[in-house]
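Structural overview
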Protein chains: 2
Amino acid sequence: MISVSIIGAGNVATHLFNVFTKTKTVSVKQWYSRDLSKISSFKNKVSVIDKLSELTEADIYIIAVSDDAIQNISEALPFKQRLVVHTSGSVSLYDLDKKNRRGVFYPLQTFSKEAKVDFKNVPICIETIGKKDYPLLKSLAEAIGSAYYKVNSEQRKSLHLAAVFVNNFTNQLYRVAHEITESEGVEFDILKPLILETAKKIQNLSPYLAQTGPAKRNDKKTIKKHLKQLENQEHKAIYTLLTNAIKKTHGR
Amino acid sequence: MISVSIIGAGNVATHLFNVFTKTKTVSVKQWYSRDLSKISSFKNKVSVIDKLSELTEADIYIIAVSDDAIQNISEALPFKQRLVVHTSGSVSLYDLDKKNRRGVFYPLQTFSKEAKVDFKNVPICIETIGKKDYPLLKSLAEAIGSAYYKVNSEQRKSLHLAAVFVNNFTNQLYRVAHEITESEGVEFDILKPLILETAKKIQNLSPYLAQTGPAKRNDKKTIKKHLKQLENQEHKAIYTLLTNAIKKTHGR
């Protein structure tokens, strides 16, 4: 049995709590939030606390708070030599106070409050300072059914940055498509199967090989037509920049 | 029974042939390609021809050739007053020769030669000049299990343009992510579940509501960190442009 205490009450903390309580090999000992009202509805399932000084012994302490708060929380922990991890993609491992054994347990996925999360689809990026601490975090990832990867700080930061491209920026392209179709009074829904297929395609094919379309073919006629069609200057700028990027990638 | 003859031997033509032959209500009468070798392997299943003059009567003639060739092919057809459609997203309905009844049967999806296509996930955008021709194309879409939408030319063109954003440009963002992770020697695979989830998320939520991340929050510290991290000038330009677009969309 792995005993875990969770610090924080945001999306990641809540999804981790939910998945831990479903396993047979992880027990959540305590759940801390400075605002007890955020987690008080769970008080029948776990000991909820709002004072760090009340934290008792656990195998792993998971700090799942906003990036800016991680350092202060880790400094305020009232114990030493225990395993403390944060869940952030961009915060340094060394921001954790060195009085404890330090690690990172970074779930690389988009979490929203409402949507259910299947941790089979959440890769966990694990980093530890002490080699001995790695197996325990690995077991924790296994317990929730997640794939896990040993990554160093630079690699984690590059994943976090790449995630902005494939998640936030991709979503903004969906938004632009929504604006384009809406302006002609046509349903955005028609594009949804294509959006899904585009994401599925690269599960087994590199993005390089998966590319198609006018930019890759350097189909000047269609590109010109599209640019003429675009009235919004921002859409035009995105079209031009990404068309040029595709051309360059494919040696056009 | 709807009788169809297919003109062209590319991806769309081949996938349409395959799905038509699986239905009970569509029969493919003839398949034309100017290069017979491309379709000769199908000669046990259908009459394959390489002369337009050999085309016999059918309910629908589907021209699935490259955009530039549609007009010439339609002019070269040796009959009148029959229903002729093309499958292009960007070619005008009026590029088809007016000696025949004209329409568009545009499958909005990404097709590759190898990958199997499930037409349940291929919306068909239908356009006709004659109102009477619409029901037949609608029945054809129904026969292959596709959702269908009546769209006019402007709407079809806006869908085709929007498809470039959600397919080609999104795929280029995947490519950038691949380059970023590769440069740190970390597996691109780790990002694949996030890529899929990002596409799934907007199936039931607007892209506007689905947005998260540093740009939406206007988290200047993280944005600055990311820009510093990016060494490739092209990646930097994409990061800046899309970050600003997200900020603008979300009133930051």
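Residues numbered from 1 in each chain as written. Chains lettered and ligands numbered in written order. Predicted model: local features only at pLDDT ≥ 70, side-chain atom pairs only at ≥ 80, totals over all residues. Heavy atoms only, no water.

Residues and elements named next belong to chain B. Applying the stated criterion to the full structure yields 16 salt bridges over all chains. Between Asp219 and Arg217 there is a salt bridge; the shortest N-O distance is 3.1 Å. Owing to a relative accessible area of 47%, Arg217 belongs among the partly exposed residues under this scheme. (Salt bridge = Lys/Arg side-chain N within 4 Å of Asp/Glu carboxyl O. Buried < 20%, exposed > 50% of the residue type's maximum accessible area, 1.4 Å probe, protein only.)

In terms of nonpolar packing, the biggest core is built from 106 residues, with A:Ile7, A:Leu108, A:Phe165, A:Leu191, B:Leu108, B:Phe165 and B:Leu191 touching the most fellow members. The residues contacting A:Phe165, other than those within four sequence positions of it, are A:Thr170, B:Leu173, B:Val176, B:Ile180, B:Leu230, B:His235, B:Ile238 and B:Tyr239. (Core = buried A, V, L, I, M, F, W, Y, C linked by side-chain atoms within 4.5 Å. Contact = heavy atoms within 4.5 Å.)

On to the sheet that holds strand 4 (residues 60–63) of chain B, then. All names here are of chain B. Reading across the sheet, the 8 strands line up as 3-2-1-4-5-6-7-8 and stay open at both edges, with mixed pairing between neighbours. Looking at strand neighbours, the two that pair on one side only are strand 3 (47–49) and strand 8 (148–150), the edges of this open sheet. Direction aside, the axes of adjacent strands within the sheet are offset by 25 degrees on average. With 4 bridges connecting them, strand 4 and strand 5 (residues 83–86) associate as parallel partners. Its bridge partner being in strand 5, Ile60 is matched across the sheet by Leu83. Contacting strand 1 (2–7), strand 2 (26–32), strand 4 and strand 6 (101–107), helix 1 (residues 11–22) crosses the sheet at an angle of about 145 degrees to strand 2. (Pairing = 2+ DSSP bridges. Helix = DSSP H or I, 4+ residues; strand = E, 2+ residues; numbered from the N terminus. Axes fitted to C-alpha atoms, helices over the stretch in contact; angles between N-to-C directions.)

The next point concerns the interface of chain B and chain A. Tallying the contact residues gives 84 residues for chain B and 84 residues for chain A. Three residues stand out in chain B for area buried against chain A, namely B:Phe165, B:Val166 and B:Ile190, and they jointly supply 8% of the buried area on that side. In this structure, B:Lys248 and A:Glu234 form a salt bridge, with 3.9 Å as the shortest nitrogen-oxygen distance. At the surface where chain B touches chain A, the tally comes to 30 residue pairs in polar contact (both at pLDDT 80 or more). Mapped by element, the contributors of at least two residues to the side of chain B that touches chain A are helix 4 (153–183), helix 5 (192–201), helix 6 (207–210), helix 8 (220–229) and helix 9 (233–249) of chain B. Top contributing element to the side of chain B that touches chain A by residue count: helix 4 of chain B, with 27 residues. Partitioning the side of chain B that touches chain A into residue classes produces 40 nonpolar, 29 polar and 15 charged. (Buried area = accessible area lost by both parts, 1.4 Å probe. Polar contact = N/O pair within 3.5 Å; in protein donor to acceptor, adjacent residues only side chain to side chain. Nonpolar A, V, L, I, M, F, W, Y, C, P; charged D, E, K, R; others polar.)

Here we come to the relation of the copies chain B and chain A. The two copies are related by a screw motion: chain B maps onto chain A through a turn of 180 degrees and a shift of 0.0 Å along the axis, at an RMSD of 0.0 Å. Considering both components of the superposition, the chain copies are consistent with a two-fold axis. Considering only C-alpha atoms, the part of chain B nearest the rotation axis is B:Thr170, at 2.7 Å. Interface residue correspondence from chain B to chain A reaches 100%, placing this contact among same-surface, isologous pairings. (Least-squares fit on C-alpha atoms with pLDDT ≥ 70 in both.)

All names here are of chain B. With 6 of its 6 residues buried, strand 1 lies for the most part within the structure. Here strand 1 shows two buried faces, one formed by Ile2, Val4 and Ile6 and the other by Ser3, Ser5 and Ile7. Sheet topology note: the strand 1/strand 2 ladder contains 6 bridges and is parallel. Bridge assignment links Ser3 to a residue of strand 2, and that residue is Ser27. In terms of handedness, the path from strand 1 via helix 1 over to strand 2 forms a crossover that is right-handed. (Right-handed = clockwise from strand over helix to strand, strands pointing away.)

Residues and elements named next belong to chain A. For chain A, the assigned domains read domain 1 (2–151) and domain 2 (156–249). Here the C-alpha centre of domain 2 lies 36 Å away from the C-alpha centre of domain 1. Together domain 1 and domain 2 conceal approximately 750 Å² of surface at their shared face, both sides included; 58% is due to carbon and sulfur atoms. Ranking the residues of domain 1 by area buried against domain 2 places Gly89, Ser90 and Tyr106 at the top, with a combined share of 44%. For the pair domain 1 and domain 2, the number of links is 1 salt bridge. For Glu127, the salt bridge goes to Arg156, with nearest N and O atoms at 2.8 Å. Across the domain 1-domain 2 interface, the total number found is 4 residue pairs in polar contact (both at pLDDT 80 or more). Sorting the residues of the side of domain 1 that touches domain 2 by element identifies strand 6 (101–107) and strand 7 (124–128) as the ones contributing at least two each. Residue classes in the side of domain 1 that touches domain 2 are distributed as 7 nonpolar, 6 polar and 1 charged. (Domains from an automatic or database assignment.)

With respect to the helices and strands, B:Thr87 occurs in the loop between strand 5 and strand 6. If sequence neighbours within four positions are ignored, B:Thr87 has contacts with B:Val12, B:Leu16, B:Ile62, B:Ile63, B:Ala64, B:Phe105, B:Tyr106 and B:Pro107.

Another aspect to go through is unusual backbone geometry. For A:Gln81, which is not glycine, the phi dihedral falls at a positive 60 degrees. Within the secondary structure, A:Gln81 sits in the loop between helix 2 (70–76) and strand 5 (83–86). The exposed category is assigned to A:Gln81, whose relative accessible area is 57%. Here the phi dihedral of B:Asn218 falls at roughly 50 degrees; this positive angle occurs in a residue that is not glycine. Overall, B:Asn218 belongs to the partly exposed group, its relative accessible area being 22%.

Quick look at the confidence of the model for chain A now. Taken as a whole, chain A shows an average pLDDT of 96; of its residues, 100% reach a score of 70 or greater. The ipTM value of the predicted complex is 0.94, and its pTM value is 0.93. (pLDDT = per-residue confidence, 0-100.)

Quick look at the packing of aromatic side chains now. Here the distance between the centres and the angle between the planes together describe a pair of aromatic rings. For the structure shown, the criterion picks out 16 aromatic pairs over all chains. With a centroid separation of 4.6 Å and 25 degrees between ring planes, the pair formed by A:Phe17 and A:Trp31 is classed as stacked. Of this pair, A:Phe17 sits in helix 1 (residues 11–22) while A:Trp31 sits in strand 2 (residues 26–32), and the two are 14 residues apart along the sequence. Of the two residues, A:Phe17 and A:Trp31, both sit in the buried class. Ring geometry for B:Phe111 against B:Phe119: centres 6.2 Å apart, planes inclined by 35 degrees, an arrangement best described as tilted. According to the relative accessible area criterion, B:Phe111 is buried, its value standing at 11%. Members of the aromatic cluster, connected to one another through ring pairs, are A:Phe17, A:Trp31 and A:Phe42. Seen from the ring of A:Tyr134, A:Lys150 lies directly overhead, with NZ or CZ sitting 4.8 Å from the centre. (Phe/Tyr/Trp six-rings, centres within 6.5 Å; stacked < 30°, edge-to-face > 60°. Lys NZ or Arg CZ within 6 Å of the ring centre and 35° of its normal.)

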